[in-house]
Amino acid sequence: MTIPLNWFLVLAAGLFCIGLFGVLSRRNAIGILMGIELMLNAVNINLVAFWRYLDPANLTGQVFAIFVFAVAAAEVAVGLALVIAIYRNRDTVVVEEIDLLKQ
Amino acid sequence: MLLPALVFAFVSLVTLGAAIAVVTNKNILHSAYYLILTFVGVAAVYVMLQAPFIAVVQVLVYVGAIAILIIFAIMLTRRLMSKEMEQHNAQWVPSVVGALALFVVLAWIVYTAGWPVQEGTPPLDPISQLGQDLLTTYLVPFEIASVLLLAALVGAILIGHEKGMRREE
């Protein structure tokens, strides 16, 4: 293989940190969900890269990646339903204004 | 062999650039479009890792379902998130510092860990091998994933359900 494993891992680390920044700094709840999707993608790159370079004979890494897909799909469906329900009740998607429990 | 390195550099630049656009763009709808570009870039990374099935599933699930769902949600809540509104909160500077610090730590770990890399080739027919693994070794997680998806389906309908929309009896 011509591309070293480290390159893929650093790419995944970069993607994860960009997603983390999005989660920490976005005000829109949907923007936060997009950051979470970026982080999950970074995790999946790591899983597939480790499968290819450390144990290519067994498909364990790919199976893990498929389960991450399933969990990500479930997470985004419930998350967006929550955002829309909050929007309907509170008329906002800005997370700083969703502070019912703080009052 | 220079070509794989060049392809990798191109794909990772596109992916990371699109990801940065996702988290910094003022217009949340444009962020969603850049998110699609990021997902396609990640699919290309899977192709480079010789995992074609994962790449196809990435395009189907992320681009075909998750990105469309996100765009739907943005359009349903669009009125309040116009371009003039501030999109980042007051703690974005510490967020940048924290994310960069985490990246430095992760890159340092990656380069000092000494991974036990094995030369080897993937199975000749990885997709049928994957199907057999899912229905034998990983049968229980597979079934649990289906229950999780059903629960998420019911939960999403229940949470998103509007009270006034109940049928008259």
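Residues numbered from 1 in each chain as written. Chains lettered and ligands numbered in written order. Predicted model: local features only at pLDDT ≥ 70, side-chain atom pairs only at ≥ 80, totals over all residues.

## Examining the overall build of chain B
Part 1: What chain B contains, in helices and strands, is six helices and zero strands.
Part 2: The secondary structure elements of chain B, listed N-terminal to C-terminal, are α-α-α-α-α-α.
Part 3: Taken over the C-alpha trace, chain B has a radius of gyration of 21 Å; the compact-globule value for 169 residues is 15 Å, which it surpasses by more than 25%.
Part 4: Taken along its principal axes, the extent of the C-alpha atoms in chain B is 65 × 45 × 25 Å.
Part 5: Restricting the contact set of chain B to residue pairs at least 6 apart, pairs at least 24 apart contribute 51%. (Helix = DSSP H or I, 4+ residues; strand = E, 2+ residues; numbered from the N terminus. Rg over C-alpha atoms; globule rule 2.2 N^0.38 Å. Contact = placed C-beta atoms within 7 Å.)

## Comments concerning the interface of chain B and chain A
Part 1: Each side of the interface is counted separately: chain B has 75 residues, and chain A has 64 residues.
Part 2: Among the elements that make up the side of chain B that touches chain A, the one with the highest residue count is helix H4 (residues 92-112) of chain B (eleven residues).
Part 3: Of the residues in the side of chain B that touches chain A, the class split is 54 nonpolar, 18 polar and three charged. (Nonpolar A, V, L, I, M, F, W, Y, C, P; charged D, E, K, R; others polar.)

## Notes on the confidence of the model for chain B
Residues and elements named next belong to chain B.
Part 1: Residue-level pLDDT values for chain B average 88, and 92% of them are 70 or greater.
Part 2: When pLDDT is averaged over each element of chain B, helix H2 (residues 28-48) comes out on top at 94 and helix H5 (residues 126-135) at the bottom at 90.
Part 3: Reported for the predicted complex are a pTM of 0.90 and an ipTM of 0.92. (pLDDT = per-residue confidence, 0-100.)

## Some points on unusual backbone geometry
Part 1: Of note, the phi angle at Asp91 of chain A is positive, near 65°, even though the residue is not glycine.
Part 2: Structurally, the position occupied by Asp91 of chain A is in the segment after helix H3 (60-90).
Part 3: Of note, Gln50 of chain B is a non-glycine position whose phi angle comes to about 60°, a positive value.
Part 4: Mapped onto the fold, Gln50 of chain B is located in the loop between H2 and helix H3 (52-76).
Part 5: Taking the number of C-beta atoms within 10 Å as the measure of exposure, Gln50 of chain B has 16 and is therefore partly exposed. (Buried ≥ 20, exposed ≤ 12 C-beta atoms within 10 Å, placed from the backbone.)

## With respect to the packing of H2 of chain B against H3 of chain B
Residue and element names in this part refer to chain B.
Part 1: Their axes nearest at 8 Å, the elements H2 and H3 cross at an angle of 175°. On the basis of their axis angle, the class for H2 and H3 is roughly antiparallel. Judged by residue contacts, Ile28, Leu29, Ala32, Leu35, Ile36, Phe39, Val40, Val42, Ala43, Tyr46 and Val47 of H2 engage Pro52, Ile54, Ala55, Gln58, Val59, Tyr62, Val63, Ala67, Ile70, Ile71 and Ile74 from H3.
Part 2: In terms of residue class, the contact of H2 with H3 is built from 21 nonpolar, one polar and no charged. (Axes fitted to C-alpha atoms, helices over the stretch in contact; angles between N-to-C directions. Parallel < 35°, antiparallel > 145°, perpendicular 65-115°, else oblique.)

## Focus: the domain arrangement of chain B
Part 1: As far as domains go, chain B holds domain 1 (1-82) and domain 2 (124-169).
Part 2: Computed over C-alpha atoms only, the centres of domain 1 of chain B and domain 2 of chain B are separated by 23 Å. (Domains from an automatic or database assignment.)

## Description of H3 of chain A
Part 1: In this model H3 of chain A runs 44 Å from its N-terminal to its C-terminal C-alpha over 31 residues, within 8% of the 45 Å that 1.5 Å per residue would give.
Part 2: Phi turns positive one or two residues past the end of H3 of chain A, at Asp91 of chain A, with a value near 65°. (Expected span 1.5 Å × (residues − 1).)

## Notes on the packing of helix H2 (residues 29-54) of chain A against H3 of chain B
Part 1: The contact between H2 of chain A and H3 of chain B brings their axes to 11 Å, and the two run at 175°. If you check the angle between H2 of chain A and H3 of chain B, you find them roughly antiparallel. Side by side, H2 of chain A and H3 of chain B meet where Ile30, Leu33, Met34, Glu37 and Val48 of chain A of the first sit next to Ile54, Ile66, Ile70, Ala73 and Ile74 of chain B of the second.
Part 2: Broken down by class, the residue content of the contact of H2 of chain A with H3 of chain B amounts to nine nonpolar, no polar and one charged.

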